[in-house]
Amino acid sequence: MAACMADGTTILSNVAREPEVVDLARFLTKNGACVEGAGSNKLVIKGKSYLHGCKCTIAPDRIEAGTFMLAAAITRSFISISPVIPSQVSGLMQKLLAAGCKIRQCSHDTLEVSAVSQCGENLRGFEVKTGPFPGFPTDLQLQTMALLTTWFKSCRSLFEKRMAHVNELQKLGAKIQVCASSALVSGKIIEMVCLVPALLQLTSEVGYHWY
């Protein structure tokens with residue numbers, strides 16, 4: 001943002017590739033800025049002497065959408081989410097589909113997620129490794145770990161450090177072994193009535209909003 005009105009050309013290397021960066025670049029460009037390379041690991045910003053106003057619609061929050069999707073899986077329930085950009089939550093969708101959830105895209109910005117048990121079937125565990133976009137987002141690892149505690153099997157998850165939430169889940173009885181950036185979650189040890197309020201509290205503490 002500062003480089004948009006700085007003298008000369010600014011080159012930023014090893015930058016984030018997340019959709020939020022692309023959305024910010026789109027907004028700045030509509031204001032008259034010159035930002036090239038959004039979505040890659042290199043940005044080239046040519047400074048301008050002035051910018052102007054514009055009308056811009058903010059993209060849906062992919063982390064908020066993913067949180068609701070995981071909440072449906074945790075509670076073995078059904079949810080319809082809109083607006084959402086399916087391509088931005090594709091990593092999570094693949095994991096939930098592999099686990100046995102049913103996901104249907106009703107329109108370009110609407111998803112239906114169902115984890116309702118049928119004929120006594122339970123969801124299957126999965127392994128997950130976080131990474132830069134389009135990889136699995138680190139901001140969903142807390143919610144994902146809460147989900148993994150509801151499986152019947154143990155699941156290994158490779159997260160990028162950020163393990164502060166493990167202690168809180170362990171206080172509720174979760175069996176989680178942490179070694180460096182890897183966590184082994186032993187499932188089916190937390191009652192739903194205990195887990196869901198805890199998840200709501202934990203996610204609200206890190207900036208997620210539930211309605």
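For the structure itself, consult the block above.
A brief structural summary. (Residues numbered from 1 in each chain as written. Predicted model: local features only at pLDDT ≥ 70, side-chain atom pairs only at ≥ 80, totals over all residues. Heavy atoms only, no water.)

### Concerning the nonpolar core
Then comes step 1: Among the nonpolar cores identified, the biggest contains 38 residues, and Met69, Leu96, Met145, Leu147 and Ile176 are the most heavily contacted of them.
Then comes step 2: Among the elements of the structure, α2 (62–74), β4 (78–81), α3 (90–99), β6 (110–114), α4 (141–148), α5 (164–171) and β10 (182–186) are those that each provide at least two residues to this core.
Then comes step 3: Element by element, the count of residues in this core is highest for α2, at eight residues.
Then comes step 4: Judged by nonpolar contacts, the second largest core, of nine residues, contains Cys4, Ala33, Val35 and Leu43. (Core = buried A, V, L, I, M, F, W, Y, C linked by side-chain atoms within 4.5 Å. Buried < 20%, exposed > 50% of the residue type's maximum accessible area, 1.4 Å probe, protein only. Helix = DSSP H or I, 4+ residues; strand = E, 2+ residues; numbered from the N terminus.)

### Quick notes on the pattern of salt bridges
Then comes step 1: A complete count under the given rule lists four salt bridges for this structure.
Then comes step 2: For Arg26, the salt bridge identified is with Asp23, shortest N-O distance 2.4 Å. Of this pair, Arg26 and Asp23 both sit in helix α1 (residues 19–30), three residues apart, roughly one helical turn.
Then comes step 3: Asp23 gets classed as buried once you look at its relative accessible area, which sits at 16%.
Then comes step 4: Here Glu112 and Arg104 are joined by a salt bridge, their closest N and O atoms 3.1 Å apart. (Salt bridge = Lys/Arg side-chain N within 4 Å of Asp/Glu carboxyl O.)

### Here's the deal with the packing of α2 against α4
Then comes step 1: Two elements in contact, α2 and α4, have axes separated by 9 Å at closest approach and are oriented at 10°. Judged on the interaxial angle alone, α4 and α2 are roughly parallel. When α2 is examined against α4, the residues Thr67, Leu70, Ala73 and Ile74 are found in contact with a partner set consisting of Gln143, Thr144, Ala146 and Leu147.
Then comes step 2: Residues of the contact of α2 with α4, tallied by class, amount to five nonpolar, three polar and no charged. (Axes fitted to C-alpha atoms, helices over the stretch in contact; angles between N-to-C directions. Parallel < 35°, antiparallel > 145°, perpendicular 65-115°, else oblique. Contact = heavy atoms within 4.5 Å. Nonpolar A, V, L, I, M, F, W, Y, C, P; charged D, E, K, R; others polar.)

### Description of α2
Then comes step 1: For α2, with 13 residues, the first-to-last C-alpha span of 18 Å sits near the 18 Å given by 1.5 Å per residue.
Then comes step 2: Of all 13 residues in α2, 12 are buried, a share of seventy percent or more.
Then comes step 3: For α2, every residue scored as buried is listed here: Arg62, Ile63, Ala65, Gly66, Thr67, Phe68, Met69, Leu70, Ala71, Ala72, Ala73 and Ile74.
Then comes step 4: At the N-terminal boundary of α2, the capping side chain belongs to Asp61, with an oxygen 2.9 Å from the backbone nitrogen of Ile63.
Then comes step 5: Looking one or two residues past α2, Arg76 carries a phi angle of roughly 50°, positive in sign. (Expected span 1.5 Å × (residues − 1). Polar contact = N/O pair within 3.5 Å; in protein donor to acceptor, adjacent residues only side chain to side chain.)

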